[in-house]
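Coordinate inspection notes
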Amino acid sequence: MKVLIINGSPRKDGNTSVALNEMTKIFEEQGIEAEVVQIGNKDVRGCIACGSCATKGKCVFDDVVNELAPKFEEADGLVVASPVYYASANATLIACLDRLFYSTGFDKTMKVGASVVVARRGGLSATYDELNKYFTISGMPVASSQYWNSVHGRLPGEAASDEEGLQTLRVLARNMSFLMKSIALGKEQFGLPEKEEHIFTNFVK
Ligand SMILES: Cc1cc2nc3c(=O)[nH]c(=O)nc-3n(C[C@H](O)[C@H](O)[C@H](O)COP(=O)(O)O)c2cc1C
């Protein structure tokens, strides 16, 4: 069982890393392999809506997005984590997720998603909502905790003092592990839910 973790921060040992380390410890205890890929320090451009992924099966820009795609396909769960920039996820992470979700045709149904947000003070729940939308358009159940998955800190490492934030992430990792394991059992017994042909309309027609 595997979970892919995308860290949107550009800071190597920043607060988002502190937050994610708290989760990886739990995944390890739960026997779940966790791979963290930090993309915030990479040059990731936005989607240009060329549509070539529909025929090529991968993004026209051959960068970390195409490296993440097979890891995501293989994973049972996906964690996306971002530092809050102007009450939003950071631009590199959004560019990455737009292209990753749009360019991959594999079935994401019942892969468990969780988002984690880190900020000095404000914009956390808006960013959390923003990130969860990638999961909820993709048939992915969203794992939750006992508070919205947010941690406070400004200078690198400050998040280590946010006891409630870190506890929230430990509980999140346990809940997510339980969901992934339960879904694996459910898939064995019942299979995935029946699919319908996607009706695709442009708002009115
Ligand atoms: C461009 C920029 C915008 C930011 N905007 C916000 C913000 O809207 N709200 C906030 O509380 N902190 C904001 N911050 C602070 C970061 O969210 C905070 O330092 C966080 O701990 C960074 O995480 P990291 O160490 O993992 O990179 C901003 C920082 C930067 C660089």
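Parameters and conventions
Residues numbered from 1 in each chain as written. Predicted model: local features only at pLDDT ≥ 70, side-chain atom pairs only at ≥ 80, totals over all residues. Heavy atoms only, no water. Helix = DSSP H or I, 4+ residues; strand = E, 2+ residues; numbered from the N terminus. Polar contact = N/O pair within 3.5 Å; in protein donor to acceptor, adjacent residues only side chain to side chain. Buried < 20%, exposed > 50% of the residue type's maximum accessible area, 1.4 Å probe, protein only. Right-handed = clockwise from strand over helix to strand, strands pointing away. Pairing = 2+ DSSP bridges. Near = heavy atom within 4 Å. Areas by Shrake-Rupley, 256 points an atom, 1.4 Å probe, with all protein chains shown as cover.

**What about the side chain of Ser177?**
- Tracing the backbone through its elements, the reader meets Ser177 in helix 6 (residues 163–190).
- A polar side-chain atom of Ser177 sits 2.7 Å from the main-chain carbonyl oxygen of Ala173.

**Thoughts on the pairing of strand 1 (residues 2–7)**
- Most of strand 1 sits inside the fold, with six of its six residues counted as buried.
- Burial along strand 1 is two-sided: Lys2, Leu4 and Ile6 facing one way and Val3, Ile5 and Asn7 facing the other are all buried.
- For the handedness criterion, the β-α-β arrangement of strand 1, helix 1 (residues 15–29) and strand 2 (residues 33–38) is classed as right-handed.
- The sheet contact formed by strand 1 and strand 3 (residues 77–85) spans five bridges and is parallel. Each bridged residue has a counterpart across the sheet, and for Val3 the counterpart in strand 3 is Gly77.

**A look at the site of the ligand**
- The ligand sits among 17 residues. The nearest are Ser9, Asn15, Thr16, Arg121 and Gly153.
- Between the ligand and Asn15 there is a distance of 2.8 Å, counted from an oxygen atom to a backbone nitrogen or oxygen.
- A distance of 2.7 Å is found between an oxygen atom of the ligand and a backbone nitrogen or oxygen belonging to Gly153.
- Coverage of the ligand by the protein amounts to 76% of the 650 Å² it exposes when considered alone.

Remember that the coordinates give geometry; whether it matters functionally is a separate question.
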